[in-house]
Amino acid sequence: MVVTDLDGTFWDRTLTVPAPHLEAVRCLDELGVEVMVATSRRRRVVAEHFGRVGFAPAAVVLDGAMGFDLADGTRFHDAAFTVESSTEVLARFRARGLDPCVYVDQPDVDVIVSPTPATSAAHLAYLGAVARTGDLDRTVGAPGVYGFSVTGRPHTELVGLADDLTVLGAEL
């Protein structure tokens, strides 16, 4: 088995897979070597971009929170937060005055943000159509939360939050 990262490794900045990389995958397949991808990206992005080139590997996404087979959609790994844990993480963000992006795996949305998200405008623009404004308390009160994030904040705002999350078991 060969496992590869995506950004800057398997595909370029435009999320395009260079032809030599696809040829390498074909050669590995002929040799009976499976190729798997591992990325912090979301399931939908990986499936969409590989679907364009007809490549359907197994993939570990969202920083290891989920694993699935692109060929048939079978999920082989699922490490969503428990409702209790996601509720506590959200409380820690809010105690610092921050409403995070909450990553989910729903048919039409990957990220839920509050009406006043703490993440940068550039991050919101990047998320685009896969993000929806919603009730974060309701979101974390149901199963299926895979991650939290904010970007573009001063380091000084995030140091205390990092310490708070480490106490909960987060690794930085």
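Residues numbered from 1 in each chain as written. Predicted model: local features only at pLDDT ≥ 70, side-chain atom pairs only at ≥ 80, totals over all residues. Heavy atoms only, no water.

Q: Honestly, the side chain of Asp-105 in this entry has me stumped. Any pointers?
A: Residue placement: Asp-105 occurs in strand S6 (residues 101-106). In terms of polar contacts, Asp-105 uses its side chain to reach the side chain of Arg-43, at 2.9 Å. Ignoring anything within four residues of it in the chain, the contact list for Asp-105 reads Arg-43, Met-66, Arg-75, Gly-144 and Tyr-146. (Helix = DSSP H or I, 4+ residues; strand = E, 2+ residues; numbered from the N terminus. Polar contact = N/O pair within 3.5 Å; in protein donor to acceptor, adjacent residues only side chain to side chain. Contact = heavy atoms within 4.5 Å.)

Q: I tried to follow the sheet that holds strand S4 (residues 66-69) on my own but got confused; where do I start?
A: Each strand in a sheet pairs with another by means of backbone hydrogen bonds, the pair being arranged parallel or else antiparallel. Sheet architecture is open: 5 strands sit in the order S1-S2-S3-S4-S5, paired in mixed fashion. Taken across any chain shown, the strands that pair with only one partner, and hence form the sheet edges, are strand S1 (2-4) and strand S5 (75-78). Strand-to-strand, the axes of this sheet are offset by a mean angle of 15 degrees, without reference to chain direction. Pairing geometry for S4 and S5, over 3 bridges, is antiparallel. Looking at the pairing, Phe-68 lines up with Arg-75 of S5. Packed on one face of the sheet, helix H2 (residues 43-53) meets strand S2 (35-38), strand S3 (58-61), S4 and S5 and runs near 145 degrees to S3. (Pairing = 2+ DSSP bridges. Axes fitted to C-alpha atoms, helices over the stretch in contact; angles between N-to-C directions.)

Q: How do you make sense of helix H6 (residues 155-167) when you look at a structure like this?
A: Structural remark: α-helix, 3.6 residues per turn; residues separated by three or four positions point the same way. The terminal C-alpha atoms of H6, which comprises 13 residues, lie 19 Å apart, in line with the 18 Å expected from a rise of 1.5 Å per residue. Buried residues of H6: Gly-160, Leu-161, Asp-164 and Leu-165, and no others. Seen along its axis, H6 keeps its buried residues to an arc of 140 degrees; they face one direction. Facing away from the buried side of H6 by more than 90 degrees, the exposed set consists of His-155 and Thr-156. In this structure, the buried side of H6 is in contact with helix H3 (83-95). (Expected span 1.5 Å × (residues − 1). Buried < 20%, exposed > 50% of the residue type's maximum accessible area, 1.4 Å probe, protein only. Arc of directions from axis to C-beta.)

Q: I tried to follow the pairing of strand S7 (residues 109-113) on my own but got confused; where do I start?
A: In the case of a regular strand, side chains alternate between the two sheet surfaces. The element S7 is largely enclosed, with a buried count of 5 among its 5 residues. Looking at chain direction, S7 and strand S8 (residues 131-133) are connected through 3 bridges and run parallel. Its bridge partner lying in S8, Val-111 is registered against Ala-131. Note on the crossover from S7 through helix H4 (residues 121-127) to S8: the handedness is right-handed. (Right-handed = clockwise from strand over helix to strand, strands pointing away.)

Q: Looking at this structure, how should I read the sheet that holds strand S9 (residues 145-149)?
A: Ordered by their spatial adjacency, 4 strands build an open sheet running S8-S7-S6-S9, and the pairing between neighbours is mixed. Edge positions in the sheet fall to S8 and S9, since each of these pairs with one other strand and no more. Across this sheet, the average inter-strand angle for adjacent strands is 30 degrees, counted without regard to direction.

Q: Explain unusual backbone geometry to me, please; I cannot follow it from the model alone.
A: Negative phi characterises most residues that are not glycine, and trans characterises most peptide bonds. Positive phi outside glycine occurs at Leu-62, with the angle close to 50 degrees. In this fold, Leu-62 is placed in the loop between S3 and S4. A positive phi angle, close to 55 degrees, is found at Asp-63, a residue other than glycine. Assignment of secondary structure puts Asp-63 in the loop between S3 and S4. Exposure remark for Asp-63: the relative accessible area of 68% places this residue in the exposed category.

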